Amino acid sequence: QVQLVESGGGLVQAGGSLRLSCVASGTTLSIKTMGWSRQAPGNERELVATVSSGGITDYSDSVKGRFTISRDHAKNTVYLEMNGLKFEDTAVYYCYAETLRGTWAHYWGQGTQVTVSA
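Keep in mind that what you see is a predicted model, and the values were worked out from it rather than measured.

Brief notes about the pairing of strand E3 (residues 18-26)
Direction of pairing for strand E1 (residues 2-7) relative to E3: antiparallel, over a ladder of six bridges. Looking across to E3, one finds that Val2 is bridged to Gly26. Two strands pair when backbone bridges link them, and E3 and strand E8 (residues 77-82) are joined in this way by six bridges, in the antiparallel orientation. Pairing of Val23 across the sheet is with Thr77, part of E8.

The following block contains the structure:
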């Protein structure tokens, strides 16, 4: 089992920046990929950024060039640096972890609210 706790959300003006953090606990050695998804009211959940255990990153087109995902293995923490925030980035952001212990499993945090004022 893996537990994920996000922090760093809040209210920011358009064009501003925020940094989200997510700390993993439990069977962290089994974690392969970590990432962030988001869900705005009335919308489906969108996977916005991922980082593999080897450091390979991937981004959705909607955040590419503005968001940066990074990972600190020693701290079992993944970060999402968000710059140039837009009103449409407003959403609940969820941390994500994919693990392998014989079989694949997926875990999600409780989410942190990011609100961008126009």
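Digging into the pairing of E8
Here E8 lies mainly inside the structure; five of its six residues are buried. With six bridges connecting them, strand E7 (residues 67-72) and E8 associate as antiparallel partners. Across the sheet, Phe67 pairs through a bridge with Met82, a residue of E8. Linking E7 back to E8 in an antiparallel pair, the connection comprises four residues, with Asn76 at a positive phi of about 50°.

Some words on the sheet that holds E8
As summarised here, the arrangement of the four strands in space is E1-E3-E8-E7, forming an open sheet in which the pairing is antiparallel. A single partner strand is all that each edge strand has here, and the edge strands are E1 and E7. Neighbour to neighbour, the strand axes of the sheet diverge by 15° on average, direction disregarded.

What about the packing of aromatic side chains?
Counted under the stated rule, the structure contains one aromatic pair. Geometrically, the ring pair formed by Tyr96 and Trp108 is tilted, given 4.8 Å between the ring centres and 45° between the ring planes. Taken together, the positions of Tyr96 in strand E9 (residues 91-101) and Trp108 in strand E10 (residues 103-108) put the pair 12 residues apart, joining distant regions of the chain. Take Tyr96: its relative accessible area is 10%, and that puts it in the buried class.

Analysis parameters
Residues numbered from 1 in each chain as written. Predicted model: local features only at pLDDT ≥ 70, side-chain atom pairs only at ≥ 80, totals over all residues. Heavy atoms only, no water. Pairing = 2+ DSSP bridges. Helix = DSSP H or I, 4+ residues; strand = E, 2+ residues; numbered from the N terminus. Buried < 20%, exposed > 50% of the residue type's maximum accessible area, 1.4 Å probe, protein only. Axes fitted to C-alpha atoms, helices over the stretch in contact; angles between N-to-C directions. Phe/Tyr/Trp six-rings, centres within 6.5 Å; stacked < 30°, edge-to-face > 60°.

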